[in-house]
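Residues per chain, in single letters:
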Amino acid sequence: MERINMVDLVGQYNKIKPEVDRAVENVMQTAAFINGPEVQEFQKELEDYLNVKHVIPCANGTDALQIAMMALGLKPGDEVITTTFTFVATAEVIALLQLTPVLVDCDPDTFLIDPKAVEAAITPKTKAIVPVHLYGQTANMDEIMRIAKAHDLYVVEDTAQAIGSDYTMADGTTLKAGTIGTIGSTSFFPSKNLGAFGDGGAIFTNDDKLAKLMRQVVNHGMTKRYYHDEIGVNSRLDSIQAAILRIKLRKLDSEYTKNRQAAAAAYDAAFASHPNIVTPKRAENSTHVFHQYTLKIINADRNALQEFLASKEIPAMIYYPVALHMQTAYQDDRYKSGSFPVSEQLCDEVISLPMHTELSDEQLKYITESVLAFFK
Ligand SMILES: *Cc1c(COP(=O)(O)O)cnc(C)c1O
């Protein structure tokens, strides 16, 4: 059996090697490294895939969030509500722009931001909500959009972990995660569901004005060459990454997401109704694209399970061991241990199993049998 990895980017590359190598060589032969035709084509293809009016490629998913918030004209002191149970980038850019991150708890079963907690956290200073589509499912966007409308707030969807997830709104329309709120952001970090061979990111919106502004912000706030109307940043997706992403986008649904969902189904079946293992609950109205397959371990020692699996050469990760409000860099008088009991408990209970597009039946069998053996 092949060695089991948390993600298997080499195995994935080897299947598309001739196509990728040709595309990369083509960029090198034309030397259109920045903003070349590949970037323009990728942008259009992603717009079609997401069914969104504007995609603005940028350098990474953290920049994507920052550019979105800059374009919304948020000012120091404005409050932005997000979940405490997420990757740090979400709160980081809020803090970097001197906005005030207002953290809220998440749902204990889906791990997604809790709309009731969002509504309770709104003050006259609140300007935006940043739902995170964690692990591959879309947050409850019906409720979040209702709250945003009622309180006149922007919604920036952090879609770094959920590109391709479909959400069916109460009116029956199905939309892609990241295209429902004011702006969506994503990351093409190599291990993400649509991963480049380096860094990359993108911003999505249906708003023409915001799109125009964000295209300026990513390029030093430039309107025409050397005329700068806004303070911007330098955040570009390079042509080599775009060329690779075009190839992988064509396989995203038909192969990559399908393989992830098949691995998840195998895990689900093996762990169904186990007294110590809670399999991931599917969020309402959302498909799950399984960026992570995350179990809750109850009435058992989660860390001991992780060590046991490591002894069997099975990697397993804790996403995330510490909620944002308990991170040293984000210490704040407003929050203390116990402020967000659901997230704090999840930090002690969750464990993510290997999840990628190349898991074999043999590997899945070995992983599930090893997990079950721990509890015997
Ligand atoms: C990966 C990730 C980001 C940041 O993306 P980078 O491309 O690494 O900057 C932001 N938010 C979430 C939820 C992520 O998982």
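Residues numbered from 1 in each chain as written. Predicted model: local features only at pLDDT ≥ 70, side-chain atom pairs only at ≥ 80, totals over all residues. Heavy atoms only, no water.

*Asks:* Even after reading the chapter, I still don't get the layout of surface pockets, so can you show me in this structure?
*Replies:* Reported here for the largest pocket is a volume of approximately 520 Å³. If you go around the largest pocket, you meet 27 residues; those closest to its centre are Phe87, Gln161, Phe189, Lys192 and Tyr320. Sorting the residues of the lining of the largest pocket by element identifies helix H4 (61-71) and helix H5 (89-96) as the ones contributing at least two each. Split into classes, the residues belonging to the lining of the largest pocket amount to 13 nonpolar, 11 polar and 3 charged. Approximately 420 Å³ is the volume found for the second largest pocket. (1 Å grid on protein atoms, 1.4 Å probe; cavity = no way out; pocket = protein on both sides within 12 Å on 5 of 7 lines; lining within 4 Å. Points joined across faces, edges and corners; volume = space filled by probe spheres on them. Helix = DSSP H or I, 4+ residues; strand = E, 2+ residues; numbered from the N terminus. Nonpolar A, V, L, I, M, F, W, Y, C, P; charged D, E, K, R; others polar.)

*Asks:* Would you mind showing me how to read empty space enclosed by the protein here?
*Replies:* Empty space among the atoms becomes apparent when a probe as large as a water molecule is rolled across them. In this structure the tally under the stated criterion is 2 cavities of 30 Å³ or more. Here the largest cavity is characterised by a volume of approximately 60 Å³. Around the largest cavity, the lining is made up of 13 residues, and of these Leu9, Gln12, Arg260, His356 and Thr357 lie nearest the centre. When grouped by side-chain class, the residues that make up the lining of the largest cavity number 3 nonpolar, 6 polar and 4 charged. For the lining of the largest cavity, the two domains that each supply at least three residues are domain 1 (9-249) and domain 2 (252-374). The calculated volume of the second largest cavity comes to roughly 40 Å³. Contributing to the lining of the second largest cavity are Thr110, Phe111, Leu134, Tyr135, Gln137, Pro280, Lys281, His288, Gln292, Tyr293 and Thr294. (Domains from an automatic or database assignment.)

*Asks:* What am I meant to see in the site of the ligand here?
*Replies:* Neighbouring residues of the ligand: Asn60, Gly61, Thr62, Thr86, Phe87, Ala89, Val132, Asp158, Ala160, Gln161, Ser187 and Lys192. At 2.8 Å, a side-chain N or O of aspartate 158 approaches a nitrogen atom of the ligand. In the complex, the protein chains occlude 91% of the 380 Å² of accessible area that the ligand would expose alone. Comparing atom positions with the cavity grids shows the ligand to sit within the largest pocket. For the shell around the ligand, the per-class residue count stands at 4 nonpolar, 6 polar and 2 charged. (Near = heavy atom within 4 Å. Polar contact = N/O pair within 3.5 Å; in protein donor to acceptor, adjacent residues only side chain to side chain. Areas by Shrake-Rupley, 256 points an atom, 1.4 Å probe, with all protein chains shown as cover. Sits in = over half its atoms within 2 Å of the grid points.)

*Asks:* Help me understand the domain arrangement of the chain, please; the structure alone is not making it clear to me.
*Replies:* When the parts of a complex come together, some accessible area is lost, and that lost area is often used as the size of the interface. Taken domain by domain, the chain consists of domain 1 (9-249) and domain 2 (252-374). Counting residues at the interface gives 48 residues for domain 1, matched by 36 residues for domain 2. Here domain 1 and domain 2 share an interface that buries about 3,700 Å² over both sides, 56% of which is from carbon and sulfur atoms. Considering only the side of domain 1, the residues that lose the most area to domain 2 are Tyr135, Gln137 and Asn193, jointly responsible for 19% of the buried surface there. If you look at where domain 1 meets domain 2, you find 2 salt bridges. As a salt-bridge pair, glutamate 358 and lysine 15 come within 2.7 Å of each other at their nearest N and O atoms. At the boundary of domain 1 with domain 2, the tally comes to 27 residue pairs in polar contact (both at pLDDT 80 or more). Residue assignment for the side of domain 1 that touches domain 2 shows that the elements contributing at least two residues are helix H1 (9-15), H5, strand S3 (100-104), strand S6 (166-168) and helix H9 (239-249). (Contact = heavy atoms within 4.5 Å. Buried area = accessible area lost by both parts, 1.4 Å probe. Salt bridge = Lys/Arg side-chain N within 4 Å of Asp/Glu carboxyl O.)

*Asks:* Could you clarify how one ought to interpret the packing of aromatic side chains in this entry?
*Replies:* Pairs of aromatic rings are described using the distance from one ring centre to the other and the angle between the two planes. Taken as a whole, this structure holds 14 aromatic pairs when the rule is applied. Both rings, one in phenylalanine 85 and one in phenylalanine 111, keep their centres 6.5 Å apart while their planes meet at 35°; by these two values the pair is tilted. You can see phenylalanine 85 sitting in the loop between strand S2 (79-83) and H5 and its partner phenylalanine 111 sitting in the loop between S3 and helix H6 (115-120), a full 26 residues away along the chain. Both residues of the pair, phenylalanine 85 and phenylalanine 111, count as buried. Aromatic side chains phenylalanine 308 and phenylalanine 374 sit 5.5 Å apart centroid to centroid with 55° between the ring planes, which places their arrangement in the tilted category. One end of the pair, phenylalanine 308, is in helix H11 (residues 302-311); the other, phenylalanine 374, is in helix H13 (residues 361-374), and 66 residues separate them in sequence. A residue is classified by how much of its surface remains accessible, and phenylalanine 374, at 22% relative accessible area, is partly exposed. (Phe/Tyr/Trp six-rings, centres within 6.5 Å; stacked < 30°, edge-to-face > 60°. Buried < 20%, exposed > 50% of the residue type's maximum accessible area, 1.4 Å probe, protein only.)

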